Amino acid sequence: MTSATSATPSTDRILAGVVLMLGFCVTAPLLDVAAKLASQSIPVGQITAARFVVQCALMAPFVWIMGLSLRVPRGLWSALLFRALLLFVSTFCFIAAISVMPLADALAIVFVAPFIVLLVGKFYLGEDVGPRRVGAAMVGFVGVLCVIQPSFAAFGAVALFPLGTAVGFAFYILVTRGLSRRVHPVTLQFHTGLIASLLCLPVILLAQGTGSELLDPVWPTGIVWLWLFGVGFFATISHMMMTYALSLAPSATLAPLQYLELPVATLLGYLVFHDFPNALTLTGIAIIIGAGLYMIHRERVTARQLITERAAPPI
């Protein structure tokens, strides 16, 4: 009776985590759609700034309502600054890419980030990563090349921008791992939005009147205001969904679900912009998803082996 009662909340928490992760997979591509629509008349730098300004404005009331402290230990400010800088660079590169590239193509390249995290963990942080997972990461890079090749031929060097997003986001994940244990998720989101806004806005103001296609700001008109708000709104909602999903369910359970973001982005790209990946790009996407899922499978197997070894009685 007791075990059944205690198991129910655990199951409910995992289910809630799965639902939130599915919510992330639906809302994150809406951020990309809003950014691509806005990029038709607004410079990339201005869209990036709007993303963080709106995030900061949306998170501020929650910090106050929840009674959270904005104080951060002095030793963490450098990590917070670095995290915000990484997300700023990642966002700028991705918006610059999707302003000309199909959503699915750009997002598929960004999905190389988990492979980068794994390789950095092995070769720089000294984490125990087996040869099968390293092999899966290498296969994933082959899939990325399949996506980049036709994109590079069609759009030029901008097709490499998602790689900048992938590298920046990979290190963003690594920094977040440490900060998430010491800073509340809502406070972390607020500070990220605030710091990134303070990084963006001076650059935008200095670029005013320069004629730069990427940075020189323009005054939005009509529905463009809605697109700019949507960029920040969907970014905030999707990231909070992912953060709370990871606090409710094991990452091994949620990680495979993240790949649903790719078909959602492909569908939205087709419905809104009439873009659809070609055969080589679809092949690359399939390779990336397959390699990622295999890597997750190997991580589960390794985790089970470690649990078994630790539970075994000493001889």
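Residues numbered from 1 in each chain as written. Predicted model: local features only at pLDDT ≥ 70, side-chain atom pairs only at ≥ 80, totals over all residues. Heavy atoms only, no water.

1. Re the packing of aromatic side chains
Short version of the rule: Note on aromatic pairs: the rings of Phe, Tyr and Trp (six-membered ring only in Trp) are paired at centre separations within 6.5 Å, and the planes decide the class, stacked below 30 degrees, edge-to-face beyond 60, tilted for the rest. Labels follow the DSSP assignment, with helices taken as runs of H or I lasting at least four residues and strands as runs of E lasting at least two, numbered in each case from the N terminus.
Counting across every chain of the model gives 6 aromatic pairs. Judged by centre distance (5.2 Å) and plane angle (25°), the ring pair of Phe 169 and Tyr 172 falls under stacked. On the criterion of helical spacing, the pair formed by Phe 169 and Tyr 172 is a turn pair, its members being 3 residues apart in helix 7 (residues 161-179). Summarising the aromatic geometry, the rings of Phe 229 and Phe 233 are spaced 5.8 Å apart at their centres and angled 20° between planes, so their arrangement reads as stacked. Of the two residues, Phe 229 and Phe 233 are both situated in helix 9 (residues 224-248); the distance of 4 residues between them amounts to about one turn of the helix. The structure contains a cluster of three or more aromatic residues connected by ring pairs, namely Phe 229, Phe 233 and Phe 234.

2. What to know about the nonpolar core
Applicable threshold: Only buried Ala, Val, Leu, Ile, Met, Phe, Trp, Tyr and Cys residues count toward a nonpolar core, and they belong to the same one when joined by side-chain atoms within 4.5 Å. With a 1.4 Å probe rolled over the protein chains alone, any residue whose accessible area is under 20% of its type maximum counts as buried; one over 50% counts as exposed, and the rest are partly exposed. The contact definition used throughout considers only heavy atoms, calling two residues in contact when any of these lie within 4.5 Å.
Counting residues in each nonpolar core, the largest one holds 56 residues, and the members touching the most others are Ile 47, Phe 115, Leu 228 and Ile 288. Sort the elements by how many residues they give to this core and helix 5 (residues 113-123) lands first, with 7 residues. Every residue in contact with Leu 228, bar those within four places of it in the chain, is listed here: Ala 38, Ile 42, Ile 47, Ala 50, Val 54 and Pro 220. Membership of the second largest hydrophobic core comes to 18 residues, among which are Val 72, Tyr 172, Val 175 and Val 183.

3. Some remarks on helix 2 (residues 44-65)
Note the following rule: A helix's residues, less one, multiplied by 1.5 Å, set its expected span.
The end-to-end C-alpha distance of helix 2, which contains 22 residues, comes to 33 Å, matching closely the 32 Å that a straight helix rising 1.5 Å per residue would cover. Gly 67, located one to two residues past helix 2, shows a positive phi value of around 65°.

4. Section: the confidence of the model for the protein chain
Quick note on the threshold: A residue's pLDDT is the confidence the predictor assigns to it, expressed on a 0 to 100 scale.
Of the residues in the protein chain, 89% have a pLDDT of 70 or more, and the chain-wide mean is 83. Mean pLDDT per element in the protein chain: helix 10 (residues 251-254) is the minimum at 69, and helix 2 is the maximum at 92. Across residues 1-9 the pLDDT falls below 50, and counting only partners more than four positions away or on other chains, this stretch makes 0 contacts in the model.

5. A short note on the environment of Phe 273
Take Phe 273: it is sitting in helix 11 (residues 261-273). Along the primary structure Phe 273 and Lys 36 are separated by 237 residues, whereas in three dimensions their C-alpha atoms are 9.2 Å apart. Setting aside its immediate chain neighbours within four residues, Phe 273 contacts Val 33, Lys 36, Leu 37, Gln 40, Leu 103 and Leu 268.

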